[in-house]
Amino acid sequence: MRIWRIVLLPALLLATTASMPPAQADAASRKVLVDFRKEGGFAGINDRVLVYGNGCVRLSRRTGPTVDKCLTAKENRTLRTSLKKLRLGRSEPRPQGADFIKYTLAYDQRRVSRYTLPDGWQPVVRHLEKIMEKYWGS
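Caption draft 1: Representation of the packing of aromatic side chains within the structure. All chains considered together, the criterion is met by 1 aromatic pair. With 6.5 Å between their ring centres and 20° between their planes, phenylalanine 36 and tyrosine 103 make a pair best called stacked. In this pair, phenylalanine 36 sits in strand E1 (residues 32-40) while tyrosine 103 sits in strand E5 (residues 101-107), placing the two residues 67 residues apart along the sequence. Grouping residues by exposure puts phenylalanine 36 and tyrosine 103 together as buried.

What follows is the structure in C-alpha cells.
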C-alpha cells in the first residue's frame, strides 16, 4: 500500500503542474510599462490607462466597465518611442481653484503629477488619450 502512494503522488503532482502556464511568463506580461491617470475638473474625470510590457492595455473611466485590449504593433511602437524621449521632471503643487485636471504619469519607477502639460509629456499623453478613445468605446 505504501508503494502505491509513493508512485501515485509524484504522478499526480506532475500532471497538475504540467497543465499550468509558467508563472514567470504571466508575471512578465503583467509588468506595467506606463500608468497614466487623468483626474478632476467639474465633470469629475477619472480616466486611467495601464499599459503592460506585452503591449496590452487596461482602460477605465469613472463610469462604465474596465476594458482590456491589446495595442497594434504601430501603436505600441509609437508609444515606446515617445516614452524614450519622456522626461518626467517634478510634480506640481495643486493650484488654487476647483476646475483643474490632474495628469499623473508613472514610468520607469517614478510617479509624477502635473496640472499643466509640459511639452515633453504631450506626445505620450495625447497618444494614451487616443488609445482611450479608440478602445474604451468599442
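Caption draft 2: How the structure looks around the state of the cysteines. Evaluation of the coordinates by the stated rule reveals 1 disulfide. Across the disulfide, cysteine 56 is cross-linked to cysteine 70 (sulfur-sulfur distance 1.9 Å). In this structure, the disulfide formed by cysteine 56 and cysteine 70 twists by about 70° around the S-S bond and is classed as right-handed. Here the residue cysteine 56 occupies a position in strand E3 (residues 56-60), and cysteine 70 occupies one in strand E4 (residues 67-70), the gap between them amounting to 14 residues. The class for cysteine 70 is partly exposed, based on a relative accessible area of 48%.

Parameters at a glance
- Residues numbered from 1 in each chain as written.
- Predicted model: local features only at pLDDT ≥ 70, side-chain atom pairs only at ≥ 80, totals over all residues.
- Heavy atoms only, no water.
- Phe/Tyr/Trp six-rings, centres within 6.5 Å; stacked < 30°, edge-to-face > 60°.
- Helix = DSSP H or I, 4+ residues; strand = E, 2+ residues; numbered from the N terminus.
- Buried < 20%, exposed > 50% of the residue type's maximum accessible area, 1.4 Å probe, protein only.
- Disulfide = S-S within 2.5 Å.

Purely spatial values, then, with no claim about function.
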